[in-house]
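Fold and contact review
The lines below spell out each chain.
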Amino acid sequence: MEPIDSYDRKILDIIQVDCQIKAEAIGDLMGLSASAVQRRLKRLRDCGIITAEIALVDRKVVGTPMTFIAGMEIERENYDALSKFRVWLAKQEHIQQVYYVTGSVDLVAIITARDVEHYDEIAANLMSENPQIKRIHTNVVLKDLKLGMFVPVSE
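Residues numbered from 1 in each chain as written. Predicted model: local features only at pLDDT ≥ 70, side-chain atom pairs only at ≥ 80, totals over all residues. Heavy atoms only, no water.

- The name an unreviewed UniProt entry gives the protein chain is DNA-binding Lrp family transcriptional regulator, with Rhizobium paranaense as the organism.

This is the structure:
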């Protein structure tokens, strides 16, 4: 993989805030031509540094206003079970993020739901479809203090 330079880093900072900004506008901010920005963006996408460009949707407006943080304990360290779980997770829209972690739980998931009953359905399905999960510790998010996926790319 070709290393990224200060221009690439600045482009990444800009598009993480607004991925729809035009190459011309980025170029104006950086003193580059639009074609130079486009070439850099293409390279950043092709080599997998930019993995996706998405729209963030207001959960409340679309009917899934609640967020739950679920800490899960697994039966035992079983990498085969984790790979099967990863495949199952890919099909679960309400399970937004899952992290394999150290500490008192093995996995931490961020889950959105319409209400507590909907979360209970999601959690019951998770447990029934994944017998390696032996316990879920749930925290209900009362208020979002900061939401984001911005990755600092400073040198």
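**Brief notes about the packing of helix 1 (residues 6-17) against helix 3 (residues 34-46)**
- At a minimum axis separation of 11 Å, helix 1 and helix 3 run at an interaxial angle of 80 degrees. What the angle tells us is that helix 1 and helix 3 run roughly perpendicular. Between helix 1 and helix 3, the residues in contact are Tyr-7, Asp-8, Ile-11, Leu-12 and Ile-15 and Val-37, Arg-40, Leu-41, Arg-43 and Leu-44, respectively.
- Here the residues of the contact of helix 1 with helix 3 are counted per class, giving seven nonpolar, no polar and three charged. (Axes fitted to C-alpha atoms, helices over the stretch in contact; angles between N-to-C directions. Helix = DSSP H or I, 4+ residues; strand = E, 2+ residues; numbered from the N terminus. Parallel < 35°, antiparallel > 145°, perpendicular 65-115°, else oblique. Contact = heavy atoms within 4.5 Å. Nonpolar A, V, L, I, M, F, W, Y, C, P; charged D, E, K, R; others polar.)

**Considering the pattern of salt bridges**
- Overall, the coordinates contain seven salt bridges when judged by the stated rule.
- Here Asp-5 makes a salt bridge to Arg-40, at a shortest N to O gap of 2.9 Å. In this pair, Asp-5 sits in the segment before helix 1 while Arg-40 sits in helix 3, placing the two residues 35 residues apart along the sequence.
- With its nearest N and O atoms 2.5 Å apart, the salt bridge here joins Arg-43 to Asp-8. A residue pair is termed long-range when its members are at least 10 positions apart, and Arg-43 in helix 3 and Asp-8 in helix 1 qualify at 35 residues. (Salt bridge = Lys/Arg side-chain N within 4 Å of Asp/Glu carboxyl O.)

**A short note on the confidence of the model for the protein chain**
- Overall, the predicted model of the protein chain reaches an average pLDDT of 94, with 98% of residues at or above 70.
- Ranking the elements of the protein chain by mean pLDDT puts helix 4 (residues 79-89) last with 86 and strand 3 (residues 107-113) first with 98. (pLDDT = per-residue confidence, 0-100.)

**Some words on the environment of Ile-11**
- Residue position: Ile-11 is located in helix 1.
- Residue Ile-11 is classed as buried on the basis of its relative accessible area of 0%.
- Between the alpha carbons of Ile-11 and Thr-51 there is a distance of 14 Å; along the sequence they are 40 residues apart.
- Residue contacts for Ile-11: discarding those within four places in its chain leaves Ile-26, Met-30, Val-37, Arg-40, Leu-41 and Leu-44. (Buried < 20%, exposed > 50% of the residue type's maximum accessible area, 1.4 Å probe, protein only.)

**Quick look at the packing of aromatic side chains**
- Going through the model one piece at a time under the given rule, you end up with two aromatic pairs.
- Look at Phe-68 and Tyr-119: their rings are 4.2 Å apart centre to centre, the planes differ by 15 degrees, and that puts the pair in the stacked class. Note that Phe-68 is positioned in strand 1 (residues 66-74) and Tyr-119 in helix 5 (residues 116-129), a separation of 51 residues in sequence. Like Phe-68, the residue Tyr-119 is buried in the burial classification.
- Aromatic pair Phe-85 and Trp-88: ring centres 6.0 Å apart, planes at 15 degrees, arrangement stacked. With Phe-85 and Trp-88 both in helix 4, this residue pair falls three residues apart, about one helical turn.
- Owing to a relative accessible area of 3%, Phe-85 belongs among the buried residues under this scheme. (Phe/Tyr/Trp six-rings, centres within 6.5 Å; stacked < 30°, edge-to-face > 60°.)

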